[in-house]
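Remarks on the overall topology
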Amino acid sequence: MGRGVSVPYGAEVVTYIDISEMDDEYDFECMIVNIMEILRRKMPSLQDSDEWIGREDRTILENDLVYIGTSTYCNIMSLWIVPKEYHIQLAYNWINKVGHHVLQLGDLYKTGTMSNGVS
């Protein structure tokens, strides 16, 4: 059975990044810090976060409305935005206004899903 990179339930914006050129964990963490800095400049309400949604999805930034995080598997990283439950409609409005900033960071696109669920 195949498997793909995880995306948490309820993710509204998802993009994928090829991390096959990363030599080690240090390079990967530097890339995460760079992503965080880019997104904080464009969306000043974001704060650092280090929580887990499920077993595979790590948050890197959050505000009162959303989590932004990453998941990795086999040299692919997903970068996603998940709305928080408390102010769901405000979260959707915020995502619609700024979600394109996250999409611009990706370099891969999901083209389909096989019958077994693999992207």
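Preceding block: the structure.
Reading the values: the criteria
Residues numbered from 1 in each chain as written. Predicted model: local features only at pLDDT ≥ 70, side-chain atom pairs only at ≥ 80, totals over all residues. Heavy atoms only, no water. Helix = DSSP H or I, 4+ residues; strand = E, 2+ residues; numbered from the N terminus. Buried < 20%, exposed > 50% of the residue type's maximum accessible area, 1.4 Å probe, protein only. Contact = heavy atoms within 4.5 Å. Salt bridge = Lys/Arg side-chain N within 4 Å of Asp/Glu carboxyl O.

Description of the overall build of the protein chain
From N to C terminus, the protein chain includes two helices and six strands. The linear arrangement of helices and strands in the protein chain, starting from the amino end, is β-α-β-β-β-β-β-α. Looking at the 119 residues of the protein chain, the share that counts as buried comes to 41%. Across the protein chain, every contact between residues at least 6 apart in sequence was considered, and the portion connecting residues at least 24 apart equals 52%.

Here's the deal with the pattern of salt bridges
Going through the model one piece at a time under the given rule, you end up with four salt bridges. A salt bridge links Arg40 to Asp48; its shortest N-O distance comes to 2.2 Å. For Arg40, a relative accessible area of 29% translates into the label partly exposed. Given a relative accessible area of 51%, Asp48 falls into the exposed group. The shortest N-O distance in the salt bridge between Asp50 and Arg58 comes to 3.4 Å. Connected through shared salt-bridge partners, Glu29, Asp50 and Arg58 make up one network.

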